[in-house]
Amino acid sequence: MKKIQQYLMQIKKLLDYTFFRVVVFVVLGVILFSSLYGNVKPEKLDISLLTVAEKTIRSPATVEDKISTEKKRQEALDHVQDVYTLKKEYSSNQVDLITSIFDSASEVNKEIKDTAEKQSPIDEDPLGFVVPTVEEEVTMLKEKLTDRVTKDLSERVFTALVQASNDELSIAKDLTVTAINNVMNKRISADDVENAKKTLEEELKFTTLNGDLKNASIELGRYAVIQNEFYDPEATEELRKQAGESVEPVKILQGQIIVEEGKLIRQEEYRQLELVGLLDNKQSYKPFIGLIILLAIILSSIYFYFYQVKEQPEKRQTNFLLFVIIFLLTFFILKIISMLQIFNYSGIGYLFPAAMGGMLLKILIDEKLAILSSIILSIFGSVLFNEGVSGTLNFSVGIYILFSALAGVLFLSNQNQRSKILQAGSFTAAVNLFTIWALMFLPNGQFSGLEYGYYILTAIFSGISSAVLTMGLLPLFETSFGILSTMKLIELSSPNHPLLRKILMEAPGTYHHSVMVANLAEAACEAIGANGLLARVGCYYHDIGKTKRPNFFIENQMHLENPHDRIQPDKSANIIISHVTDGAAILKKYNMPKEIIHIAEQHHGTTLLKYFYHKAAQAGEEVKEEDYRYPGPKAQSKESAIVGIADSVEAAVRSLSQPTPETIETLVKKIVADRLQDGQLNECDLTLKELETVTHSFCETLKGIFHSRIEYPEMTKKVQE
């Protein structure tokens, strides 16, 4: 064990250098990476096309099947119909055209009539007017029309129009326009133009118009009927675009079965296997990079925790080294259990004693670090136990490890005795059991009675084994690192401890004095946030050196003769001073924690033995002040400083014949001021504000101890005469 402690001391000295701290983090990262990479590296299958699958193959990740997506999108585009737009204005335009032709014919008739009336008055010979020929009337009509119209229509149309009367033209116009409007209000594609014209022709055939005018109306109607439905490329393209965008990408989901066991691997399945990367012979660097990023985040969080806490460098390095050892030990147990997955036992990860690391860290270092470690282990567990699950992370095992580890930390948070660790493990086993049931019931899984029994046993084993391992490893870490844990302090405070029994049996007055000082020191330490339990236990042992010569100390003389009255002051001073060095030697002999030894060494600091110093001076001897001072060192911690003040305060107040609150307060303030002026508090980090709080705490505690009591009058018997 001593060799282990020597090696640990050498490592802690190396950790004082930044270079070695970086080396530790790098080594830790390499160990974690090499242990985890095999679980995140993509699986490669040695299979061929048109062979039978030896096992069911699932997709390791969610991947978009771009070929299937494009095929589905093309099918959607193929189903999009071309968009044709109805030009409603064409109907009105054609109606206006035919109307204008009939109106032009009516105008020709009117012009001929007006000319006849001007050239042949009623009183003159009507034979004086020369009636235009049909050809001339046709020419007059054509002049009113466009060249295109005159070219597209036949001569018989114009002839029929000029030969008809205005009443006939009006009727023909109405019939023709109505027929055109009826036909043109419907969609007429390029292929349907002829059918539309025939429809109009059939409608006009059964009118009461005379033969030539009817034929002319039919030809005009056929001429007016044109295509009014046209292909709209912009609308069609927009519709195709919407159809393409509405197609959801086809994805091969994580965990999706690509090919079942015993099935033939066809071209499509082979393509999907290649798509998800199971046939790719090229090494993918994405898992490599992802794992590095994950470890960088985790290691950074650990680094941030240790180098933002306000602790002395030595203690911080000790805690860091202890954390690394406990964390790696827990991780290796996790890794070893994960290797048992080759036996295909479902839920093998539930055997992991997840609460062990958290409980050890909670007891030895800090609860916050224990919670951080629990979260990290749950992440690593979800990676290591991903065998047989789709994807890289097994969330069920990760959640189980997280809840189990946190349960161990929380249930142990108020347990200060080693025997309570097993109780915390039992509570953790119960949490494990409920967590497993939740994970089994959430997906509506179907399990047999044997499986339920198996999971119950794994939950109990995990909790109990965590407690057993914690109890077994705790003394090893405490001894190796010289750690004074809360549980260790509780054990040291037991009256059955050999040294405390030694004080009680050999120096009972010192024992009582130590208990009183412990009460004062603990209350004062807790008032300023220092370690009250450490102060209490340190007080129990701070005067252990008095057991070597108990009768030379006034609290043990019990009205006996004071041996100091028979010896020289310098010898008395040496005896009194030696109880500090003797006490440290006894504590070291019993392998007591260094914090307790430091309190015993430092509780008097380098204070002056004023009584014997002045006694020697009054005797006329040539005295040196340093010969009557304790060897020190001065108090290095708040706890040592407070124990030293409490020791002096308790002895001084006990010497008062009738202590009152005022005299107690005055005496306490004087002792504190003397310590401060003598420089006994210069080497500890006790502030003036905290010192004032300590003074107030001493006064309150002492007032409670030496409170006023009611004087009960003696009861006298009345003698019956």
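These numbers were taken from a predicted model, which means no experiment stands behind them.

Once that is clear, we can look at the overall build of the protein. When helices and strands are tallied, the protein shows 29 helices and 6 strands. Every one of the 721 residues in the protein was classed for burial, and the buried ones make up 44%. Of the contacts made within the protein by residues no fewer than 6 positions apart, 79% connect residues no fewer than 24 positions apart. Element-wise, carbon and sulfur atoms account for 56% of the exposed surface of the protein, whose accessible area totals about 40100 Å².

A word on the packing of helix 24 (residues 569-589) against helix 26 (residues 610-618). Contact geometry for helix 24 and helix 26: axes closest at 9 Å, N-to-C directions at 165°. Relative to helix 26, the element helix 24 is oriented roughly antiparallel. Crossing angle aside, the handedness with which helix 24 passes helix 26 is left-handed. On helix 26, the residues touching Pro569, Ser572, Ala573 and Ile576 of helix 24 are Phe612, Lys615 and Ala616.

So, about the packing of helix 27 (residues 638-654) against helix 28 (residues 661-677). For any two helices packed against each other, the geometry comes down to the angle between their axes and how far apart the axes lie. Where helix 27 contacts helix 28, the axes come no closer than 10 Å and their chain directions differ by 140°. With respect to their mutual orientation, helix 27 and helix 28 come out oblique. When the axes of helix 27 and helix 28 are compared, the crossing they make is right-handed. Across the interface between the two elements, Gly644, Ile645, Ser648, Val649, Ala652 and Val653 from helix 27 touch Ile664, Leu667, Val668, Ile671, Val672 and Arg675 from helix 28. Partitioned by chemical class, the residues of the contact of helix 27 with helix 28 number 9 nonpolar, 2 polar and 1 charged.

Quick look at the pattern of salt bridges now. By the definition in use, this model includes 29 salt bridges. For the salt bridge of Lys502 with Glu506, the shortest nitrogen-to-oxygen distance reads 3.3 Å. Of the two residues, Lys502 and Glu506 are both situated in helix 21 (residues 498-506); the distance of 4 residues between them amounts to about one turn of the helix. Three or more residues are tied together by salt bridges with common partners; here these are Glu194, Glu201, Glu202, Lys205 and Arg222.

By secondary structure assignment, the location of Arg21 is in helix 2 (residues 18-40). Relative accessible area serves as the criterion here: at 13%, Arg21 is assigned to the buried category. Separated by 282 residues in the primary sequence, Arg21 and Tyr303 have C-alpha atoms spaced 9.6 Å apart.

Moving on: the packing of aromatic side chains. In total, this model carries 22 aromatic pairs according to the counting rule given. Through a chain of ring-to-ring contacts, the aromatic side chains of Phe25, Tyr303, Tyr305, Phe306, Phe320, Phe323, Phe327, Phe331, Phe332 and Phe380 assemble into a single cluster.

Taken as a whole, the protein shows an average pLDDT of 84; of its residues, 90% reach a score of 70 or greater. Ranking the elements of the protein by mean pLDDT puts helix 1 (residues 2-14) last, at 57, and helix 23 (residues 532-541) first, at 94. Across residues 122-126, where pLDDT falls below 50, the model places 3 contacts with residues more than four positions away in sequence or in other chains.

A separate point is helix 28. Helix length check: helix 28, at 17 residues, gives a terminal C-alpha distance of 24 Å against a target of 24 Å (1.5 Å per residue), a fit within 8%. Among all positions of helix 28, only Ile664, Leu667, Val668, Ile671, Val672 and Arg675 are buried. One side of helix 28 carries all its buried residues, which in axial view fall inside an arc of 130°. Away from the buried face of helix 28 by more than 90 degrees, exposed residues Glu662, Thr666 and Gln677 are located. Looking at the residues trailing helix 28, positive phi occurs at Gly679, about 75°.

Definitions and limits used
Residues numbered from 1 in each chain as written. Predicted model: local features only at pLDDT ≥ 70, side-chain atom pairs only at ≥ 80, totals over all residues. Heavy atoms only, no water. Helix = DSSP H or I, 4+ residues; strand = E, 2+ residues; numbered from the N terminus. Buried < 20%, exposed > 50% of the residue type's maximum accessible area, 1.4 Å probe, protein only. Contact = heavy atoms within 4.5 Å. Areas by Shrake-Rupley, 256 points an atom, 1.4 Å probe, with all protein chains shown as cover. Axes fitted to C-alpha atoms, helices over the stretch in contact; angles between N-to-C directions. Parallel < 35°, antiparallel > 145°, perpendicular 65-115°, else oblique. Left-handed = near helix turned anticlockwise from the far one by under 90°. Nonpolar A, V, L, I, M, F, W, Y, C, P; charged D, E, K, R; others polar. Salt bridge = Lys/Arg side-chain N within 4 Å of Asp/Glu carboxyl O. Phe/Tyr/Trp six-rings, centres within 6.5 Å; stacked < 30°, edge-to-face > 60°. pLDDT = per-residue confidence, 0-100. Expected span 1.5 Å × (residues − 1). Arc of directions from axis to C-beta.

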